[in-house]
Amino acid sequence: MTNLSSPRRSAGLARQLGLAVALASGTALLAFPGFTGAAYAQKKKKDDKEAPKAAYSPEFVKAYQPLETALKAPTPDVAALKPQVQALAPLAISPDEKSALGAMMYNAGIIGKDPALQLQGADLMIASGKMVGEDAGRFNVVASQLAAQLKQYDAARAYLQKAIDLKYTAQGITPSDLQINLADLYLTENRTAEGLKVLSDVVAARKAEGLAVDQRIYQRGVKLAYDEEMVPQVYEFSRNWVTDYPTTDNWRDAINIMRNLNDFDAPVMLDLLRLGKQVGALKEKNDYVTYIESADTRRLPAEVKAVIDEANAKGVIPKGSDSWVEEQAKMANGLIAEDRTALPVLERDANAATAQLRTVLAAGEAFLSHGDYAKAAGFYQKALGMPGVDRNLVLTRLGIAQVGLGQGDAARENLGKVEGPRALVAQLWAAYAGQKSSAPAAGAPATGL
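Report follows, based on the coordinates. Per chain, residues are indexed from 1 in the order of the written sequence. Under the rules for a predicted model, residues below a pLDDT of 70 receive no local features and side-chain atom pairs below 80 are neither given nor counted, while totals for whole chains, interfaces and linings still include all residues. Here the side-chain values reflect all heavy atoms present in the structure, with hydrogen atoms and water set aside.

Let us look at the environment of Asp390. If you trace the backbone, Asp390 turns up in the loop between helix H20 (373-384) and helix H21 (391-404). On the basis of relative accessibility, which here comes to 45%, the residue Asp390 falls in the partly exposed class. When the C-alpha positions of Asp390 and Leu361 are compared, they lie 9.9 Å apart, and in sequence the two are 29 residues distant. Each helix corresponds to a stretch of at least 4 residues labelled H or I by DSSP, and each strand to a stretch of at least 2 residues labelled E; elements are numbered beginning at the N terminus. Exposure categories follow from relative accessible area, calculated using a 1.4 Å probe and restricted to protein chains: below 20% of the type maximum is buried, above 50% is exposed, and the middle band is partly exposed.

Structure representation (structure tokens):
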């Protein structure tokens, strides 16, 4: 995804698969069955018991053959012949007869550029049961295309689902192509929620079987849900996406989706941008400016300095190019020494048996900002047992500290308990915790966040 704000562009089924199945759907005529006396004669089973019904009845063949001849003419008048072809339907009783008549209708539809007749033929061939293996899947895809062209979307989805159930694939057509197009058939009718459910069901089924999910399923789901601002679906798709495909660009999209769809207060935004910094997703000046504002230089000078240094080093905010950022950098530099000097006293006071929640929480915040995750985690744990604590804030930051310590399981457990607006941010942190190395990070530098 390169532009999260771009309008939705629904990829239609025919456009997605048209080239791949053009041979079947619009250009290739099927062979007519050859009828001889032996072809439709009564046959007996090998054990000479009751004779089965003939593959083709004489009545069917008698009515079929003149139409076959007429349709093989250099320029057949399909429109004139169509009623006669359709009138054969009551005579098509056996599977072979249904298959033969279906092929005739299908070919006539191609010749006469009549998609309704072509679809009727494809449907009859499918219903005959004579199509097996690849042909069964292929003609269900073709029938789906034709039904969609005729705006018969329920039928189009039913055919396509059958092709998926048959595990149909071909050159240029994967199961994911069919699943995405099944979702798109709902979008054609502006039924986005149902289209997204198709994709989410695919994700759930693949994961339940321990199989990889095609990245395009996530991309399509994220794009559709974001364009329609459908929550929680957009968060579920983006979270699964970065879990399975944790690229920097994917992380940036997931974080920006959350920023764009929510009006987070500064403490929540700070934790979201802390994650952005961890995964390398801060790319633009606004990312860094918002981080600085959310952190508040007077409260967390070491963290602000680390953020500004990174922005300078990346050239996103060249040194000296922004007076406000320069002012924040100067303020941070002036406060860092004082802040570090105060840490031992704050640690002593927060460890005291009589320590108040405000002091314990301040200690957790200070040590987290300086990258001392072990001490930060200890103070957050202590704060959780104190009356009046903001559990959602403390659980989030305890989880962040545990991620820094490489304690992924513990981090996910605590982050999973977060409720309210913070839950979205906590869930993304939990996804990151699952990827983070288990190697302990207790010796992380003071500017770790």
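Here the narrative resumes, following the displayed structure.
This next bit is on the packing of aromatic side chains. A pair of aromatic rings is counted whenever rings of Phe, Tyr or Trp (Trp by its six-membered ring) have centres within 6.5 Å, and the orientation is called stacked for planes under 30 degrees apart, edge-to-face for over 60 and tilted otherwise. Per the stated rule, a full pass over the model turns up 7 aromatic pairs. Seen from their ring centres, Tyr218 and Tyr245 are 6.1 Å apart, and the 70° between their planes marks the pair as edge-to-face. One end of the pair, Tyr218, is in helix H12 (residues 215-227); the other, Tyr245, is in the loop between helix H13 (233-244) and helix H14 (248-261), and 27 residues separate them in sequence. A residue is classified by how much of its surface remains accessible, and Tyr245, at 24% relative accessible area, is partly exposed.

So, about the nonpolar core. Think of a nonpolar core as a cluster: buried Ala, Val, Leu, Ile, Met, Phe, Trp, Tyr and Cys residues, connected wherever their side-chain atoms sit within 4.5 Å. Grouped together as the largest cluster of nonpolar side chains are 115 residues, with contacts concentrated most on Trp251 and Leu428. Here, residues are in contact when the closest pair of their heavy atoms is within 4.5 Å. Once you skip the residues sitting within four places of it in the chain, Trp251 turns out to touch Val242, Pro246, Leu275, Val279, Ala281, Leu428, Ala431, Tyr432 and Gln435. One finds Tyr56, Val61, Leu81 and Ala108 within the second-largest nonpolar core, a separate group that totals 18 residues.

Assignment of secondary structure puts Asp287 in helix H16 (residues 285-295). As used in this structure description, the phrase polar contact means that two N or O atoms lie within 3.5 Å; if the pair is within protein, one of them must be able to donate a hydrogen and the other to accept it, and residues adjacent in sequence are counted only when both atoms belong to side chains. A polar contact is formed between the side chain of Asp287 and the side chain of Arg252, at a distance of 2.8 Å. Polar side-chain contacts of Asp287 include one of 2.8 Å to the backbone nitrogen of Lys283. Apart from the residues within four sequence positions on either side, Asp287 is in contact with Arg252, Arg259, Leu273, Ala281 and Leu282.

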